[in-house]
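Here is how the chains run, residue by residue.
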Amino acid sequence: MLKHMNKVVVYMLASSLLAFFFIFLYLYLPTSYLSLNERLRDFMFIERGQMSSSEHVVIVDIDEKSLNLLGQWPWSRDQIALILQNLSRAGAGIIGLDILFSEKDRLSPLLLAKEYDLHLSGLDDFDAILAETIANTPTIIGYRFKFSEKFEYSEMPMLPAIFIEKNLPEMEFLPVPNAVTTNIPVIQQNAYSAGFFNNIPDESGMIRSVPLLMRYDDDIYPSLAFEMVRIATQSEQVFVNYDEIGVESIMLSDRNITTDRFGRLYLNYRGPQGSFDYISAADIYQNRFDPKLIEGKFVLIGTSTPGLYDQRATPMDNVMPGVEVHANVIDNLIQGDYLYLPAWIEAADILIILFTALFFALVMAYLSAVWTAVVMLLLFITFYNMYFYLLFSKGIILNLLFPLLTIPIATLLVTLIHYFLESEQKRFIRKKLAKKVSGAVVEDLLKHTSEVVLEGKERETTIFFSDIRKFTELSEKIGSPRRLITILNSYMTPMVEEITKRNGTVDKFIGDAIMAYWNAPNKVALHADLAVQTALIQLEKLNELNKRLDKKHGVQIHIGIGINTGVVTVGEMGSQGRSDYTIIGDPVNLASRLEGLNKQYGTELLISASTREQLKESYTLRLLDLVRVKGKKRPVVIYEVLGRGEPDEELAIELGYYHQAYREYMEKEFERSKELFETLFGEYGNKIYKLYAERSAYYLEHPEIEFDGVFTYNVK
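Small disclaimer: the values here were computed from a predicted structure and weren't measured. Along every chain, residues carry numbers that run from 1 in the direction the sequence is written. For a predicted model such as this one, the threshold for reporting local features is a pLDDT of at least 70, and the threshold for listing and counting side-chain atom pairs is 80 or more; totals across whole chains, interfaces and linings nevertheless cover every residue. Hydrogen atoms and water are omitted, and side-chain values are computed over all heavy atoms in the structure.

For helices the rule is a DSSP run of H or I covering at least 4 residues; for strands it is a run of E covering at least 2, with both sets numbered from the N terminus onward. Assigned secondary structure in the protein consists of 23 helices and 26 strands. Between the two quantities, the radius of gyration covers C-alpha atoms and the globule rule is 2.2 Å times the number of residues to the power 0.38. Computed over the C-alpha atoms, the radius of gyration of the protein is 44 Å, more than 25% above the 27 Å expected from 2.2 N^0.38 for a compact globule of 716 residues. Principal axes of the C-alpha set define a box for the protein whose edges measure 140 × 60 × 50 Å. By residue count, 51% of the 716 residues in the protein fall in the buried class. By definition in these notes, contact holds between two residues if any of their heavy atoms fall within 4.5 Å. Considering only contacts within the protein whose residues lie at least 6 apart along the sequence, 75% involve residues at least 24 apart. Areas reported here follow the Shrake-Rupley algorithm with a probe of radius 1.4 Å; residue values treat only the protein chains shown as occluding. Accessible area for the protein stands at about 34800 Å²; split by element, carbon and sulfur atoms hold 54% of it. Only protein chains enter the calculation, and the probe is 1.4 Å; a residue is then buried if its accessible area is under 20% of its type maximum, exposed if over 50%, and partly exposed in between.

Here a strand pair is declared whenever DSSP counts at least two bridges between the two strands. Across the sheet, which stays open at both edges, the 4 strands sit in the order β4-β10-β11-β12 with mixed pairing between neighbours. Of all the strands in the sheet, just β4 (162-166) and β12 (255-258) have a single pairing partner and so form its edges. For this sheet, the mean angle separating the axes of adjacent strands, direction not counted, is 25°. Relative to β12, strand β11 (residues 246-252) runs antiparallel, the two being bridged by 4 bridges. Note that in β12 the partner of S249 across the bridge is T258. Axis definition: a line fit to C-alpha positions, over the contact stretch in the case of helices; interaxial angles, taken between N-to-C directions, run 0 to 180 degrees.

The next subject is the pairing of strand β17 (residues 317-321). Regular strands show a simple pattern: their side chains alternate between the two faces of the sheet. Bridge count for strand β16 (residues 311-314) against β17 is 3 bridges, and the pairing is antiparallel. Its bridge partner being in β17, T314 is matched across the sheet by D317. Here β16 hands over to β17 after 2 residues, the two strands then running antiparallel side by side.

We now examine helix α11 (residues 345-366). By this rule the span expected of a helix is its residue count minus one, scaled by 1.5 Å. With 22 residues, α11 ought to run about 32 Å at 1.5 Å a step, and its terminal C-alpha atoms sit 31 Å apart, in line with that. For α11, the full list of buried residues reads I345, A348, D349, I352, I353, T356, A357, F360, A361, V363, M364 and A365.

Here you go:
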């Protein structure tokens, strides 16, 4: 189970990295490389097939039949005027012209007479006839914006609507064209309203979305389809709502039209070409149609003839007349079933990618290869059906490409990791312990490889804590973080080497502190001696290091070390997702407290009585105190370790006086102990002597206080 938990962590980490890689691609890969995702959505359109369109939109088609009747395009404007008049008489609700009249009618008799300088009266002006017809029929004209040309001012048609922008950001999100091609003035001035009929393909050449609004010369202009719906709904105000990432929605009367951040509407195509009713312009011209097909409807006049170059590629058809794209827009807006990218879509896509990767990591960790394949297939089917439902039932567009790619690639990645993790248990143990113990200990463990080695058990250990004194002051003096790290590394490296060299286990680094222990995971003979010897050698190494640090950086490092021996629980501990091989128990806490007590006594190395009892070799020790540390009720005897072997003559004399003074203190002879400790302090200047002199003076001044020889510390 222990190894299995670690395997899950590795799988989750690797899958997370894979997910972040895909998220990076999702966010920053040029959209031209993401057309495969659009193709997947196109496939869903094809699978869904044709859906019913509303009966409110009809197309008057300039088809081959019409060209055969009225001749090649462009027709004379009086013929177009007659078509508009017949539609109006049939009760057309609103008529949209997907046609541009940017030049005067070359077939107009009045224009021909002027061209040949003929002064004839009573000649018809076909442009004026069409203009008058447009003025007297519910006709909306169209125009075309241009993006490639340099900016040039052109007079735009007046719009009978007010566009109000809410929370307008500094950045522009609406498309901004550079130029425009409008109708000739006489037509433009007589039109009630107008709209652009640009259908802008994406990088793959498909018309998947259409702009509803564009900004030109600081004003907002609507598309032809949008303007027709606006007029039909009698909306005199249009609200463009922004959030921090762009356009959030466009409010039209009581319709809240959700768009992408650029004000584009994603089309829910009704089907391939022919999904709407088509009536030949020839039949309208000859008035040979059923008025019921026109009455009260949106009527779009355009062409399906390939030779007139108004063909568009869409998800449902590689060749669809541009006028039918406008019909889809109108129908989507009427029925409110358009597709959209909500503001939270990127966050949702990212979470789905991350979830997919992590989910498959868990699947691979807990299931066999056969069941993994089954889950992978089910997940494919689930994702596809979920996206299909959201797309056509809720209108929400999600990114399908990366979640589907994540499934097989995450499977492959986790399989490779699984192979390397399961190759041998020795690699598992080496990874756990190689940086904690010496190489010899690792090799010994590998000879007896078993997960039992890492399971929790009780073991007598000698615990070691060391810490740098006044580290904050040291940091401030050094100043540079880089220099500080360099100095810390030069200190930590020899300290850790001395621990592992003597079969110690480095448990952890706690800031500038080191925690280590002996006699785990392997049994180590003389573990108390090894711990004390390591500490003494570290202090010697530190003296050598300080000479170099003082010379190079003008600083010195001073440390305190605490050592205690006792029975602890040792093994791998933590949560399922995060664990470590460590020790816990009261002896650990006492070792940490001993390290801290060095500051009180001005010492460098303190050990407990339990460690002293385990020592087999000779050391110079000072019986320091009987204390009750914070968090403990039972007092402990602590010793200062001054070195190995017997003390020299001078130190032996000093320790003799000290122990005599200490006995006087413990026997409550405070006047005598005070005198002796003051003499010792005057002679040697040791902080310990001053401390006991002050304690003796305190008990002399407070004889009412019961003295048991135990000093209680309420700080760590």
